[in-house]
Amino acid sequence: MSSILRIALQKSGRLSEDSYQLFKECGIRFDYGTGKLKSVSSNFPAEFLFLRDDDIPGYVEDGVADLGIVGENVAVESARTIDTVHRLGFSKCRLSLAIPRGNEWNGIQDLSGKNIATSYPLILGNYLREQNISADIHVISGSVEIAPGIGLAEAICDIVSSGSTLLSNGLKEVEVIFRSEAILIARSTLETEKQSLLDKLLFRIKAVQAAKNNKYIVLNAPNVALDQIKSLLPGMKSPTVTPLATEGWSSVHSVINENDFWENIEAIRSAGAQGILVIPIEKMIY
Ligand code: ATP
Ligand code: ZN
């Protein structure tokens, strides 16, 4: 039988939509939703399993799944022997310490001998050890932010994205201890055939990610400005320059990194460029 990759995704939650979207952009089709537990792709040798995120690292380690997408926080906390294959850039959040808003904060030493409620005892324990702080870790599995209000703990360590949950529970963030994003994890010992399917998948994921970070740019420029504009728009190899019907002018096509765009656009305009179009790229292969 030919090989098939078994990929575990969060069934429904903060990772799900972006995970499904990623495979869609990689051209890998499968059905999901309405209580489905698994689904075979119609155009790639992959089967998808829909699970709770906390169970994914264990299933990957045990070989029930070959790959999975989870938050790095969950992967690290699970302490499972799995490989991080690729960082995916979505579901970004941080694991932070928070205390009641009215309390003073002079630094991490304030937590010495205190009770801290968390669902992340391993990550918190490691952090406290590094900081040489001895405190009691009180493990609770959900609604950690209510712990100080009901007298269970003097501080909490929990996932924060906007901070609004902390605020509505009368807490303030005082220290970030871990930054997380979604990651692609794999079993450490993949068979050769599965490894080559993973390589194919990674090739597509990288092309999709590169496209997101870059834009196609088209502009008109007077020929006297071409050297300067070419140096501002190096592109993947070099820009394409074609003459316009108007004497002394050319059209320049190139690719520009999103981060460089606003930095360079003024210089490009000052050099004499006109009619600048910036167009999204769907896939980008170096
Ligand atoms: P499940 O029912 O699958 O156990 P859950 O309730 O444990 O889901 P979610 O709240 O869906 O988990 O979060 C999944 C992951 O998304 C978290 O482990 C974290 O990595 C990330 N995450 C959590 N909160 C946010 C947020 N507010 N914004 C972005 N990403 C987040
Ligand atoms: Zn969960």
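Residues numbered from 1 in each chain as written. Chains lettered and ligands numbered in written order. Predicted model: local features only at pLDDT ≥ 70, side-chain atom pairs only at ≥ 80, totals over all residues. Heavy atoms only, no water.

Colleague: How would you sum up the coordination of the zinc ion (ligand 2)? Please name residues and give values.
Modeller: In the first shell of the zinc ion (ligand 2), the protein supplies Asp53 (OD) and Asp54 (OD), at 2.0 to 2.1 Å from the metal. Around the zinc ion (ligand 2), the four donor atoms are arranged such that angles at the metal cover 74 to 170°; this shape is classified as irregular. On the accessibility criterion, Asp53 (16% relative accessible area) is buried. (Donors = N, O, S within 2.8 Å, 3.2 Å for Na, K, Ca; no water. Tetrahedral: all angles 85-135°; square planar, octahedral: opposite > 155°, others 65-115°. Buried < 20%, exposed > 50% of the residue type's maximum accessible area, 1.4 Å probe, protein only.)

Colleague: Can you break down the UniProt feature "domain: ATP phosphoribosyltransferase catalytic" (unreviewed entry) in the protein chain residue by residue, with the values?
Modeller: Mapped onto the present numbering, the UniProt feature "domain: ATP phosphoribosyltransferase catalytic" (unreviewed entry) falls on residues 52–206. What you have in residues 52–206 is 28% helix and 32% strand, and the ends, taken at the C-alpha atoms, are 26 Å apart. (UniProt positions renumbered as here; feature names shortened; annotations may be inferred. Helix = DSSP H or I, 4+ residues; strand = E, 2+ residues; numbered from the N terminus.)

Colleague: Residues and numbers for a nonpolar patch on the surface, please.
Modeller: Together, Ile146, Ile150 and Leu152 make up a nonpolar patch on the protein surface, roughly 250 Å² of accessible area in all. For Leu152, the position within the fold is in the loop between β8 (136–139) and β9 (155–160). (Patch = residues over 30% accessible without salt bridge, like charges linked within 9 Å, V, L, I, M, F, W, Y side chains within 5 Å. Areas by Shrake-Rupley, 256 points an atom, 1.4 Å probe, with all protein chains shown as cover. Salt bridge = Lys/Arg side-chain N within 4 Å of Asp/Glu carboxyl O.)

Colleague: How would you summarise the side chain of Ser19 if you had to cite specific residues and measurements?
Modeller: When you line up the elements, Ser19 lands in helix α1 (residues 16–25). Overall, the relative accessible area of 1% leaves Ser19 in the buried class. If near-sequence neighbours (up to four positions away) are discounted, Ser19 is found in contact with Leu9, Ile69 and Phe90. (Contact = heavy atoms within 4.5 Å.)

Colleague: So what's going on with the UniProt feature "domain: Histidine biosynthesis HisG C-terminal" (unreviewed entry) in the protein chain? Residues and values would help.
Modeller: UniProt tags residues 211–283 as "domain: Histidine biosynthesis HisG C-terminal" (unreviewed entry). End C-alpha atoms of residues 211–283 are separated by 5 Å, and the span's content is 32% helix alongside 40% strand.

Colleague: Give me the nonpolar core: which residues, what numbers.
Modeller: One broad rule of soluble globular proteins: the nonpolar side chains tend to lie buried together. Within the largest apolar cluster, 28 residues are counted, with the highest numbers of intra-cluster contacts made by Ile7, Leu9, Phe23, Phe48, Leu67 and Ile69. Of all the secondary structure elements, the ones that give two or more residues to this core are β1 (5–10), α1, β3 (46–51), β4 (67–71), β11 (182–187) and α6 (192–213). When residues in this core are grouped by element, the largest group, six residues, is from α6. Dropping the residues within four chain positions of it, Ile69 is found in contact with Ala8, Leu9, Leu15, Ser19, Leu22, Phe23, Ile56, Leu88, Phe90, Ala182, Ile183 and Leu184. Residues Ile99, Leu124, Leu128 and Cys157 belong to the second largest nonpolar core, which totals 17 residues. (Core = buried A, V, L, I, M, F, W, Y, C linked by side-chain atoms within 4.5 Å.)

Colleague: Which residues make up the layout of surface pockets, and what values go with them?
Modeller: The gaps left among the atoms become clear once a water-sized probe is rolled over them. In this model, the largest pocket occupies a volume close to 1000 Å³. Lining the largest pocket are 37 residues, and of these Arg14, Asn73, Tyr120, Asp158 and Ile159 sit closest to its centre. Those elements that place two or more of their residues in the lining of the largest pocket are α3 (72–78), β9 and α5 (164–168). Taken together, the residues of the lining of the largest pocket sort by class into twelve nonpolar, 16 polar and nine charged. Looking at the lining of the largest pocket, you find at least three residues from each of domain 1 (5–90 + 181–211) and domain 2 (93–180). The volume enclosed by the second largest pocket comes to roughly 190 Å³. The wall of the second largest pocket is formed by Asp18, Gln21, Leu22, Glu25, Arg87, Leu88, Gly89, Phe90, Val208, Gln209, Lys212 and Asn213. Elements represented by at least two residues in the lining of the second largest pocket include exactly α1 and α6. Taken together, the residues of the lining of the second largest pocket break down into four nonpolar, four polar and four charged. (1 Å grid on protein atoms, 1.4 Å probe; cavity = no way out; pocket = protein on both sides within 12 Å on 5 of 7 lines; lining within 4 Å. Points joined across faces, edges and corners; volume = space filled by probe spheres on them. Nonpolar A, V, L, I, M, F, W, Y, C, P; charged D, E, K, R; others polar. Domains from an automatic or database assignment.)

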